[in-house]
Every structure is written in structure tokens, then in C-alpha cells.
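Listed below are the residues making up each chain.
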Amino acid sequence: SAGERVRMMKAPADRVLLQVWWTDATNRAGGWHDAEELDEFARNGAWKASNTGWLVYEDDLCYVLAGRVTDDGEHAGLIERIPKAAVTRKEVLRS
């Protein structure tokens, strides 16, 4: 029904521990850049990143991982939203 709270987090025994790798968005500040700097940044400026956490939410667009989840499953901390379009690899470490 409208306004009903949806529980996204699971009990400890049902939690999924997931490691995700992705290509992160990057930027370069610090003034003006010439064509050579732009070419170098465009070709080699992507950061490869990874994170491991408890999967507390997933939809067609993203994974949300939490570094910490309370035992009752009511609260999560150190959360990170990772767009699926950027993900290059994922591995379930515990299910």
C-alpha cells in the first residue's frame, strides 16, 4: 500500500557479500589544458576502481553496497551507489 516501508536490507544469514569493479568517472581541474593534455587525459584518464560490501539494494541501474549493516538489518553505513553501466566485473563472495 502507499506509504508502506519496503525493507531492502536482509537478515544476516541472507545477505550477499559482493565485490564490484568499475571504470570511474574522472575530472581534471587546475586551469586550462592544451590539446596534448586533453588527448592524454581522454585516452588514459579513466580510473579503475573496486569495492566490496553487503548488497543492500539493486535495480536495473545500480548496485548499492554497504560497508556496515546492523544485525537487525534496519541501518546501513558506508554506502556507495555504483552505476551498472560502469561495472566491468562482479563477484559474489558470499550468498
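Structural data are supplied above this passage.
Here is what the cut-offs are and how they apply
Residue numbers run consecutively from 1 along every chain, following the written order of its sequence. Where totals are concerned, whole chains, interfaces and linings use all residues; where local detail is concerned, this predicted model gives features only for residues with pLDDT of at least 70, and gives and counts side-chain atom pairs only at 80 or more. Side-chain calculation: all heavy atoms of the structure are included, whereas hydrogens and water are not. Counting from the N terminus, the helices are DSSP H or I runs at least four residues long and the strands are E runs at least two residues long. Our radius of gyration is a C-alpha quantity, and the globule rule it is checked against amounts to 2.2 Å times the number of residues to the power 0.38. Strand pairing is assigned whenever DSSP identifies at least 2 bridges connecting the two strands.

A. Expanded view of the overall build of the chain. Along the chain, the regular secondary structure elements total one helix and five strands. Of the regular secondary structure in the chain, the N- to C-terminal order runs β-α-β-β-β-β. Here the C-alpha radius of gyration of the chain, 18 Å, is well above what a compact globule of 95 residues would show, namely 12 Å. With respect to the three principal axes, the spread of C-alpha positions in the chain is 55 × 35 × 20 Å.

B. Focus on the pairing of strand β2 (residues 47–58). Relative to β2, strand β1 (residues 17–24) runs antiparallel, the two being bridged by eight bridges. Looking at the pairing, Asp24 lines up with Trp47 of β2. Examined bridge by bridge, β2 and strand β3 (residues 62–69) share four bridges and lie antiparallel to one another. Bridging across to β3, Tyr57 finds its partner in Val64.

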